[in-house]
Amino acid sequence: MRIETVVTSVSWIPSEAVTGMTKAPFELGVAHYDEPPPDRITDLGALQAADRFRFANELRAWIDAVDGRIVDAGYSGGGRIGSTTLRLGAAEMTLAATSYPDLRAEPKGGDGWVRFEQTAGGRTGAPAPRRVRGAPLLKISAPTAWTTLALTIHADGRTEHELVGASPFPRHWIYDADGMLVQKSGLIDFKGWYRRAFGRHSPWGDENAPAFVTTVESALERELSTAIMRGGAKPRLEKLRKGGLLVKQGERGDELYLLLDGMVEFEVDGTPVAEAGPGAIIGERAALEGGVRTSTVRALTPCRVAVATAKQLDPAALAEVSKGHRREHG
């Protein structure tokens, strides 16, 4: 019996993810941030053709099992690279990206299981002149971006997947065998990536980078996040250091927060009750229930948030988000 399955990462540049002087082309409209990928992938090739991602890593693998014993195993799928579109007034230029060869580990197995591991990625076609850490001090070609995925297939049909490592930029979303969004990278470090991700500082050299993985927010939160970031006036952006407080239980406040990057922890009466990652809407309970924060929200990592008000969003949608949360919100 053949068992085949897949796990896919899709990598894209969210709003406000670029920092420093490199942000200028995005602000001027020469370069562009990406629309969030869909909640479900039905045709990865169509997404690529529509320029909906920077690169994707499709780890597809199979095993042949006979009476619970694995007799053969192999890879299929592979990496897919997007393109870079630059606009200067009415003129538009699309630059082909450079795809690096897929790195596939020799399948490793045990009693009734086989584990596969695949790295895919590359760099954009647009030049990126910059000072870098260490020799050669100046680089022209863009930094390297990648993900490393693992997939374990059992003879009884069970499967598990893992984001083993990834470049610190851009955002990486993980889709399961049904094409459903199930995980995402939780922390972007554009500055570190821009200065360091070249040469040996990638899986094609002798380094990988661990990935900070979070569960996904609700589909409704993703709709509200689009309304906050692209619905009208540009939101105010704030940064939190690791350990900093976003809101404090018992205090008054009616602002809402969209977590753009990083991880936060919710505490009720001093006890941690939940965590959240990028895309989470924070503070809707206070906005809906009299303006008193019902929990303390603390940054587990450096964080970036967009600040909004309840007036910017549909009250019914906020109420639905609050109902669906399994944690106390600020």
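Residues numbered from 1 in each chain as written. Predicted model: local features only at pLDDT ≥ 70, side-chain atom pairs only at ≥ 80, totals over all residues. Heavy atoms only, no water.

S.K.: What is the right way to read the overall build of the protein from this model?
M.R.: Each helix and strand counted, the protein has 6 helices and 24 strands in total. The globule rule puts the C-alpha radius of gyration for 330 residues at 20 Å, and the 21 Å found for the protein is close to it. The principal-axis extents of the C-alpha atoms in the protein amount to approximately 65 × 55 × 35 Å. Relative to its full complement of 330 residues, the protein shows a buried share of 48%. When contacts within the protein are restricted to residue pairs at least 6 apart in sequence, long-range pairs at least 24 apart make up 70% of them. Working note: accessible area of the protein is about 15,700 Å², and carbon and sulfur atoms make up 52% of it. Treating the 41 positive side-chain charges of the protein as one cloud and the 42 negative ones as another, the clouds have centres 8 Å apart. (Helix = DSSP H or I, 4+ residues; strand = E, 2+ residues; numbered from the N terminus. Rg over C-alpha atoms; globule rule 2.2 N^0.38 Å. Buried < 20%, exposed > 50% of the residue type's maximum accessible area, 1.4 Å probe, protein only. Contact = heavy atoms within 4.5 Å. Areas by Shrake-Rupley, 256 points an atom, 1.4 Å probe, with all protein chains shown as cover. Lys, Arg positive; Asp, Glu negative; His and termini not counted. Charge placed at Lys NZ, Arg CZ, Asp CG, Glu CD.)

S.K.: So what exactly am I meant to see when it comes to the pattern of salt bridges here?
M.R.: When charged atoms on two side chains of opposite charge get close, those side chains can pair. Summed over the entire model, instances satisfying the criterion amount to 21 salt bridges. We note a salt bridge from R222 to D39, for which the minimum N-O separation is 2.7 Å. Taken together, the residues span a long stretch of sequence, with R222 in helix 4 (residues 219-230) and D39 in the loop between helix 1 (24-27) and helix 2 (44-49) at a distance of 183 residues. Here R222 falls in the buried class, since its relative accessible area comes to 13%. For D39, a relative accessible area of 31% gives the class partly exposed. Among the charged side chains, a network of salt bridges with common partners joins E16, K23, E27 and K234. (Salt bridge = Lys/Arg side-chain N within 4 Å of Asp/Glu carboxyl O.)

S.K.: Please clarify how the side chain of S225 should be interpreted in this entry.
M.R.: For S225, the position within the fold is in helix 4. Overall, S225 belongs to the buried group, its relative accessible area being 15%. A polar side-chain atom of S225 sits 2.7 Å from the main-chain carbonyl oxygen of R222. (Polar contact = N/O pair within 3.5 Å; in protein donor to acceptor, adjacent residues only side chain to side chain.)

S.K.: What is the right way to read unusual backbone geometry from this model?
M.R.: The general pattern is negative phi for most residues beyond glycine and trans for most peptide bonds. The residue after F169, namely P170, is reached through a cis peptide bond having omega -5°. Relative to the helices and strands, P170 is located in the loop between strand 13 (159-166) and strand 14 (171-175). A positive phi angle, close to 55°, is found at D67, a residue other than glycine. The backbone of D269 sits at a positive phi, close to 55°, despite the residue not being glycine. In this structure, D269 sits in the loop between strand 20 (264-268) and strand 21 (271-276).

S.K.: So what exactly am I meant to see when it comes to the sheet that holds strand 15 (residues 181-185) here?
M.R.: Pairing between the strands of a sheet is mediated by backbone hydrogen bonds and can be parallel or antiparallel. A sheet is described by the order of its strands in space; here 6 strands give the open sequence 3-2-1-14-15-16, paired in antiparallel fashion. Edge positions in the open sheet fall to strand 3 (69-81) and strand 16 (213-215), since each of these has one partner strand only. Strand after strand, the sheet turns through a mean of 20° between neighbouring axes, direction not considered. In terms of strand pairing, strand 15 meets strand 16 through 3 bridges, oriented antiparallel. (Pairing = 2+ DSSP bridges. Axes fitted to C-alpha atoms, helices over the stretch in contact; angles between N-to-C directions.)

S.K.: Just to check I follow, could you spell out the packing of aromatic side chains for this structure?
M.R.: For any pair of aromatic rings, the description consists of the separation of the ring centres together with the inter-plane angle of the planes. Under the criterion given, the structure shown has 9 aromatic pairs. For the pair W12 and W173, a centre-to-centre distance of 5.1 Å together with 80° between the ring planes defines the contact as edge-to-face. Linking W12 in strand 1 (residues 2-12) with W173 in strand 14, this pair joins segments that are 161 residues apart in sequence. The pair formed by W12 and W173 is uniform in burial state, with each residue classed as buried. (Phe/Tyr/Trp six-rings, centres within 6.5 Å; stacked < 30°, edge-to-face > 60°.)

S.K.: Would you mind going over the pairing of strand 19 (residues 255-261) with me for this structure?
M.R.: Taking burial as the measure, the 7 residues of strand 19 include 6 buried ones, the bulk of the element. Looking at chain direction, strand 19 and strand 22 (residues 281-282) are connected through 2 bridges and run antiparallel. Along strand 22, the bridge assignment pairs L258 with I281.

S.K.: For this particular structure, what's the right way to read the pairing of strand 14?
M.R.: Taken residue by residue, a regular strand's side chains alternate between the two faces of the sheet. Among the 5 residues that make up strand 14, 5 are buried, leaving the element largely enclosed by the rest of the structure. Covered by surrounding structure in strand 14 are R171, W173 and Y175 together with H172 and I174, the residues of both alternating faces. Summarising the sheet, strand 1 and strand 14 pair through 5 bridges and their orientation is antiparallel. Paired with W12 across the strands is R171, a residue of strand 14. The pairing of strand 14 with strand 15 spans 3 bridges and is classified as antiparallel. Bridge pairing links I174 to Q183 in strand 15. Hairpin remark: strand 14 followed by strand 15, antiparallel, with 5 residues in the connecting loop; positive phi at G179, about 80°.

S.K.: Quick question: what am I supposed to make of the sheet that holds strand 17 (residues 236-240) here?
M.R.: Pairing is antiparallel in the open sheet, where 4 strands are placed in the order 17-24-19-22. Strands with a single pairing partner mark the edges of an open sheet, and in this sheet they are strand 17 and strand 22.

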